[in-house]
Amino acid sequence: PSRWLLLVLVALGGGRGAEAMATAPRASGFSPGSRVVILGGGLQGCSTAYFLRQRGFEDVTIVERTGIAASSSGKGGGFLARGWGDGGPTQRLHELSFDLHEELAETLGVESFHKMPTLQVVSELGLREWPPKPKASRRPPRPLAPWLDPEDTRTSLMDDGTAQVVPEELCRKLFENSGAKLVLGAVTGLDVDDEGKCSSVQVAPPTPQAPSGAGADVGEEHEGEEAGCRRVECDVLVVALGVWTVLLEDWMVDRTGLRVPLEGIYSSSMVFPASDAVSNRPYALFCAEDSNGCHLELYPRKDGSLYVCGLGGSLMARGADLREGGDFSHAASRTAPNAKSINSAQKSLQSMLTPSAGVDVQSPAIAQACMRPCAPDALPLMGQVPETENMFVAAGHNCWGILWAPVTGLCMAELIADGACSSVDLAPFHPGRFSKPPGKKNRKRGRHAAQEPVGEQW
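Sequence order as written defines residue numbering, which begins from 1 separately in each chain. Selection of residues for local features in this predicted model requires a pLDDT of at least 70, selection of side-chain atom pairs for listing and counting requires 80 or more, and totals for whole chains, interfaces and linings are taken over all residues. Side-chain measures were taken over the full set of non-hydrogen atoms in the model, leaving aside hydrogen atoms and water.

1. Thoughts on the overall build of the protein chain
Here is the rule: In this text, helices come from DSSP runs of H or I with a minimum length of four residues, and strands from runs of E with a minimum of two, each type numbered from the N-terminal end. The cut-offs for exposure are 20% and 50% of the maximum accessible area for each residue type, with area from a 1.4 Å probe on protein chains only; residues under the lower value are buried, those over the upper are exposed, and the others partly exposed. Contacts are residue-level and defined by heavy atoms, with any inter-residue pair within 4.5 Å sufficient.
A tally of helices and strands in the protein chain yields 10 helices and 21 strands. Per-residue burial over the protein chain gives 59% buried out of 458 residues. Restricting the contact set of the protein chain to residue pairs at least 6 apart, pairs at least 24 apart contribute 77%.

Below, the structure written as structure tokens:
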């Protein structure tokens, strides 16, 4: 849920090991006629497919286990902040990608994109005084958001230039306008030669519950393959599997020493039906921690519905949890929220919102959960896989995955088409930076604006 602490980590961890592990740049990029296979149908994968299409690549295939926007890309909050960088290596990601969101909203007709101010909120004012005072005796300044309780909340303006988008709509619009083919199934391995060139991807058939998807298929069958598997051939491979990019380590560690130490943060969220009060005066809210253990973040959507996260009780998944047979190996289709977190958040909302807000906190339209991928240094993995000829990674975007998706797709398209990225310096994000003994880890990876933590931290 949170984003603030990320920016401190960027300054501390940026670029560690990147220079030592850097793959020699290609003299030129791949031709537009190349067959590109992208693993993962989330925002990073669909954005890469879209920007490759803008460069003339027409033979692009997305391999996805569950469906387009199945995990965080379909269930995230979609908060966008251009100015929340700290001058470190992600500053450019914030600024350029925010601008690209605006352009894509117009170009692709993303109807849910809208700008709104962001407020810092302190609630339970009576409980923060001792002895506690009854509401009638408190006269704090009236909150900027009129749908907040004026007697028990205090607000201050954080940023008047933020925005929000429904990520599932954006992801589907990117996919639909990419011209990419969709192959459903679970990737079980890669065919890589001694020169580090991947020629094909092994794909198991989709599970019965996986949606078929318009135009989806299950690849081409070849003799001698493991029973039930298919092979999807490629000239270029992009791995954008979110937290399940850890599987790339299993496929490549013996060959290259690659380490992909991503962890998944499995968090709950709610969406409440549209409210006129919220729609008429939308504000994104970042709330101080309250007595229910919540660090709520509220993102009004353009249609007046209200997305709520920062509920607390997030679970951490790593290692065997994310591999086949682990508790979170299929978490893209696992959406059950933490009931205790939902209940705590409902109590917090009940004390914050006025009756005129028109939000029935006991009746969310959606109660769900999804998994976000985080690296130990809170920086994404973006670039060419070390000691390979045609393999690239775009994963580990932490709580900024939705904001950074457009610039990630742009960067990957530049790497593939030109042999180098001209829009962003990708050295701090090099996928090989963890393949050397790690330095000190700072695991506080929540949301930051400049140096200030905002929202839930972990």
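Here the narrative resumes, following the displayed structure.
2. Structural notes on unusual backbone geometry
If you check the backbone angles, A378 has positive phi at about 70° while not being a glycine. Residue class for A378 comes out buried when judged on its relative accessible area of 0%. Notably, N398 is not glycine yet its phi reads approximately 55°, a positive angle. Here N398 shows up in the loop between strand 19 (391–395) and helix 10 (401–418).

3. Regarding the packing of aromatic side chains
Quick note on the threshold: We call Phe, Tyr and Trp rings a pair once their centres come within 6.5 Å, taking the six-membered ring for Trp, and we label the pair stacked below 30 degrees between planes, edge-to-face above 60, and tilted otherwise.
The tally for this structure, following the rule as stated, stands at 11 aromatic pairs. Ring pairing ties together the aromatic residues F79, W84, F286, Y299, Y307 and W400, which thus form one cluster.

4. A look at the packing of helix 5 (residues 91–108) against helix 10
Stated precisely, the cut-off is as follows: All axes here are fitted lines through C-alpha atoms, helices being fitted over the stretch that makes contact, and every angle between N-to-C directions spans 0 to 180 degrees. Roughly parallel means an angle under 35 degrees; roughly antiparallel, over 145; roughly perpendicular, 65 to 115; everything else is oblique. Side-chain classes follow a simple rule in which Ala, Val, Leu, Ile, Met, Phe, Trp, Tyr, Cys and Pro form the nonpolar group, Asp, Glu, Lys and Arg form the charged group, and the remainder, Gly included, forms the polar group.
With their axes 8 Å apart at the nearest point, helix 5 and helix 10 run at an angle of 90° to one another. Considering their axes alone, helix 5 and helix 10 lie roughly perpendicular with respect to each other. Packed against helix 5, whose contacting residues are L93, H94, L96, S97, F98, L100, H101 and L104, the element helix 10 presents I402, L403, W404, A405, P406, V407 and L410 at the interface. When grouped by side-chain class, the residues that make up the contact of helix 5 with helix 10 number 12 nonpolar, three polar and no charged.

5. Points about the sheet that holds strand 7 (residues 186–192)
Put simply, the rule reads: A pair of strands counts as paired when DSSP detects no fewer than two bridges linking them.
A sheet is described by the order of its strands in space; here three strands give the open sequence 7-8-10, paired in antiparallel fashion. Whereas interior strands pair on both sides, the edge strands pair on one side only; in this sheet they are strand 7 and strand 10 (230–233). Each adjacent strand pair in this sheet contributes to an overall mean axis angle of 30°, direction not counted. Both strand 7 and strand 8 (residues 198–204) contribute to a ladder of six bridges, which runs antiparallel. Across the sheet, V187 pairs through a bridge with V203, a residue of strand 8.

6. Details of the pattern of salt bridges
To keep things clear, this is the line we draw: Here, a salt bridge means any side-chain nitrogen of Lys or Arg that lies within 4 Å of a carboxyl oxygen of Asp or Glu.
The final tally for this structure, using the stated rule, is 14 salt bridges. Among the salt bridges present, the one from D59 reaches K181, with a minimum N-O distance of 3.0 Å. Separated by 122 residues along the polypeptide, D59 in the loop between helix 3 (43–54) and strand 2 (60–64) and K181 in strand 6 (residues 181–184) bring together distant segments of the chain. Residues R259 and E249 are paired through a salt bridge, measuring 3.4 Å at the closest nitrogen-oxygen approach. Of the two residues, R259 sits in the loop between helix 7 (246–256) and strand 12 (263–272) while E249 sits in helix 7, which places them 10 residues apart along the sequence. Residue E249 is classed as buried on the basis of its relative accessible area of 14%. One network of salt bridges, in which partners are shared, links R35, E233 and D235.

7. Looking at the environment of D59
Selection criterion: Polar contacts here mean pairs of N or O atoms no more than 3.5 Å apart (in protein, one a potential hydrogen donor and the other a potential acceptor; neighbouring residues in sequence count only if both atoms are side-chain atoms).
For D59, a relative accessible area of 28% translates into the label partly exposed. Taking C-alpha positions, D59 is 6.8 Å from G33, a pair spaced 26 residues apart along the chain. Once you skip the residues sitting within four places of it in the chain, D59 turns out to touch S34, R35, V36 and K181. For D59, the side chain forms a polar contact with the side chain of K181, separated by 3.0 Å.

8. Points about helix 10
Operational definition: Under the convention used throughout, the expected extent of a helix is 1.5 Å for every residue step, that is, one less than its residue count.
With 18 residues, helix 10 extends 24 Å between its outermost C-alpha atoms, agreeing within 8% with the 26 Å of an ideal straight helix rising 1.5 Å per residue. The element helix 10 is largely enclosed, with a buried count of 17 among its 18 residues. Just past helix 10, the residue G419 takes up positive phi, approximately 85°.

9. Observations concerning the confidence of the model for the protein chain
Going by this rule: The predictor rates its confidence in each residue with pLDDT, a number between 0 and 100.
Per-residue pLDDT for the protein chain averages 86, and the proportion of residues at 70 or more is 81%. Counting interchain partners and residues more than four positions distant, the pLDDT-below-50 stretch residues 210–215 has eight contacts. Across residues 218–225, confidence stays below pLDDT 50; counting only partners more than four residues off in sequence or on other chains, it has 16 contacts.

10. A closer look at a negative patch on the surface
Selection criterion: The residues that make up patches have over 30% relative accessible area and no salt bridge, and they are joined within 9 Å when like-charged or within 5 Å when they are Val, Leu, Ile, Met, Phe, Trp or Tyr. Per-residue accessibility takes into account occlusion by the displayed protein chains alone, with areas from the Shrake-Rupley method and a 1.4 Å probe. Residues counted as positive are Lys and Arg, residues counted as negative are Asp and Glu, and His and the chain ends are not counted. Charge positions come from single atoms, namely NZ of Lys, CZ of Arg, CG of Asp or CD of Glu.
A contiguous patch of negative charge on the surface is contributed by D193, D194, E195 and E389. Examined against the element boundaries, E389 turns out to sit in the loop between strand 18 (381–384) and strand 19. For E389, a relative accessible area of 34% translates into the label partly exposed.

11. Details of the environment of Y307
Its place among the elements puts Y307 in strand 15 (residues 306–309). Residue Y307 is classed as buried on the basis of its relative accessible area of 3%. Along the primary structure Y307 and E297 are separated by 10 residues, whereas in three dimensions their C-alpha atoms are 8.2 Å apart. Look past the residues within four positions of Y307 in its chain and what remains in contact with it is K75, G76, G77, S269, M270, V271, E297, L298, Y299, R301 and Q368. At 2.7 Å, the side chain of Y307 and the backbone oxygen of K75 are in polar contact. Within the structure, Y307 has its side chain in polar contact with the backbone nitrogen of G77 (distance 3.4 Å).

12. Points about the state of the cysteines
Short version of the rule: Cysteine sulfur atoms that pair up within 2.5 Å are treated as a disulfide.
By the definition in use, this model includes zero disulfides. Not part of a disulfide, C198 finds its nearest cysteine sulfur in C234, a span of 4.0 Å. C287 takes part in no disulfide bond, and the closest cysteine sulfur, belonging to C294, lies 9.5 Å away.

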